[in-house]
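Listed below, chain by chain, are the residues.
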Amino acid sequence: MAIQTSHTQQTTVLLKDIVPAARNNINTQFIVLEKGRITTEGGQNKTCMGLVADETASVHFQLWNEECDSFQPGDIIHLSNGIFSYHRGSNLVLRAGKRGKVEKVGEFTMAFVESPNMSEILWVPDPNNSGKYVRESVISPFSRIFPPML
């Protein structure tokens, strides 16, 4: 389901509807639930992983450089031209990428669910369309990076 937002004039997609792709074309809004520790890649780039969600699903979100310091749990973020793809070949993450943009648009007041986690789904190439992926199976109903507190 796509939602037309008036403040951005872009079609906003719900997290449950994102699929892996090699294009920066995801416009969505979510709340930051958790943020992992900041690490350095390549000796210069800061990175950290977050768990984000909307009212339909959650996903792992990768933050880079100043983004790591700019956003905290409880922040509501709008992502423009994001990408949902594999990082380092194995972790499926949503991120802004080089062409995307993230901005804080609010805090604390957003309904969300933690399951399904779109990063915990096994995606395979669509046999009928090599440019698309389809869901094959669920690896875990919840984040294995940020397990739920019981």
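For the structure given in this document, a descriptive report is provided here. (Residues numbered from 1 in each chain as written. Predicted model: local features only at pLDDT ≥ 70, side-chain atom pairs only at ≥ 80, totals over all residues. Heavy atoms only, no water.)

**A word on the pattern of salt bridges**
Two side chains that carry opposite charge are able to pair once their charged atoms sit near each other.
So, step 1. Throughout the structure, instances matching the rule amount to 4 salt bridges.
So, step 2. Across the pair Asp 69 and Lys 46 runs a salt bridge, and its minimum N-O distance is 2.4 Å. Residue Asp 69 is found in helix α1 (residues 66–70), and its partner Lys 46 is found in strand β5 (residues 45–53); the two are separated by 23 residues along the sequence.
So, step 3. Residue classification places Asp 69 among the partly exposed positions, given a relative accessible area of 47%.
So, step 4. Accessibility expressed as a relative area gives 27% for Lys 46, which makes it partly exposed.
So, step 5. For the salt bridge of Glu 107 with Lys 104, the shortest nitrogen-to-oxygen distance reads 2.7 Å.
So, step 6. Since its relative accessible area comes to 39%, Glu 107 is described here as partly exposed. (Salt bridge = Lys/Arg side-chain N within 4 Å of Asp/Glu carboxyl O. Helix = DSSP H or I, 4+ residues; strand = E, 2+ residues; numbered from the N terminus. Buried < 20%, exposed > 50% of the residue type's maximum accessible area, 1.4 Å probe, protein only.)

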